[in-house]
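# Chains, contacts and geometry: an overview
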Amino acid sequence: MQQGLQKGLKDSIIEILELKFGELPEEIKAKINSTDDIEALKEMRKKAILIQSLKDF
């Protein structure tokens, strides 16, 4: 169940960032995909929604 939540959060973070900024650099995808902490992923999702520039991520 936790793996499903992790995957859903990772997918939503990537989707949000791609909608806002287009194709993502591999290092950003790798940073997201290498994070397994649920709380850290939730913070990343909030940040993805709020940032105005990809460099702020």
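So, here is what we can say about the structure in this document. It should be emphasised that the depicted structure is a prediction, and the values quoted were computed from it without experimental measurement.

### A short note on the side chain of Gln-6
By the element assignment, Gln-6 lies in helix 1 (residues 2-21). A relative accessible area of 12% places Gln-6 in the buried class. In this structure the side chain of Gln-6 is engaged in a polar contact, spanning 2.6 Å, whose partner is the backbone oxygen of Asp-36. Beyond its immediate chain neighbours, meaning those up to four positions away, Gln-6 contacts Asp-36, Ile-38 and Leu-41.

### Considering helix 2 (residues 26-33)
When we look at burial in helix 2, the residues that qualify are Ile-28, Lys-29 and Ile-32. Looking straight down helix 2, one finds that the buried residues subtend no more than 100° of arc, so they occupy a single side. Structural note: helix 2 exposes Glu-26 and Glu-27 on the side pointing more than 90 degrees away from its buried face. If you follow the buried residues of helix 2, they end up packed against helix 1 and helix 3 (38-50).

### Regarding the pattern of salt bridges
Per the stated rule, a full pass over the model turns up seven salt bridges. We note a salt bridge from Lys-10 to Asp-36, for which the minimum N-O separation is 3.0 Å. Here Lys-10, found in helix 1, pairs with Asp-36, found in the loop between helix 2 and helix 3; they are 26 residues apart in sequence, far enough to count as distant. Relative accessible area serves as the criterion here: at 11%, Lys-10 is assigned to the buried category. For Lys-29, the salt bridge identified is with Glu-23, shortest N-O distance 3.1 Å. Each of the salt bridges in this network shares a partner with another, and the network as a whole consists of Glu-18, Glu-23, Glu-26 and Lys-29.

### Observations regarding the side chain of Lys-29
Tracing the chain through its elements places Lys-29 in helix 2. Filtering out sequence-adjacent residues up to four positions away, Lys-29 remains in contact with Glu-18, Glu-23 and Leu-24.

Thresholds, definitions, all that
Residues numbered from 1 in each chain as written. Predicted model: local features only at pLDDT ≥ 70, side-chain atom pairs only at ≥ 80, totals over all residues. Heavy atoms only, no water. Helix = DSSP H or I, 4+ residues; strand = E, 2+ residues; numbered from the N terminus. Buried < 20%, exposed > 50% of the residue type's maximum accessible area, 1.4 Å probe, protein only. Polar contact = N/O pair within 3.5 Å; in protein donor to acceptor, adjacent residues only side chain to side chain. Contact = heavy atoms within 4.5 Å. Arc of directions from axis to C-beta. Salt bridge = Lys/Arg side-chain N within 4 Å of Asp/Glu carboxyl O.

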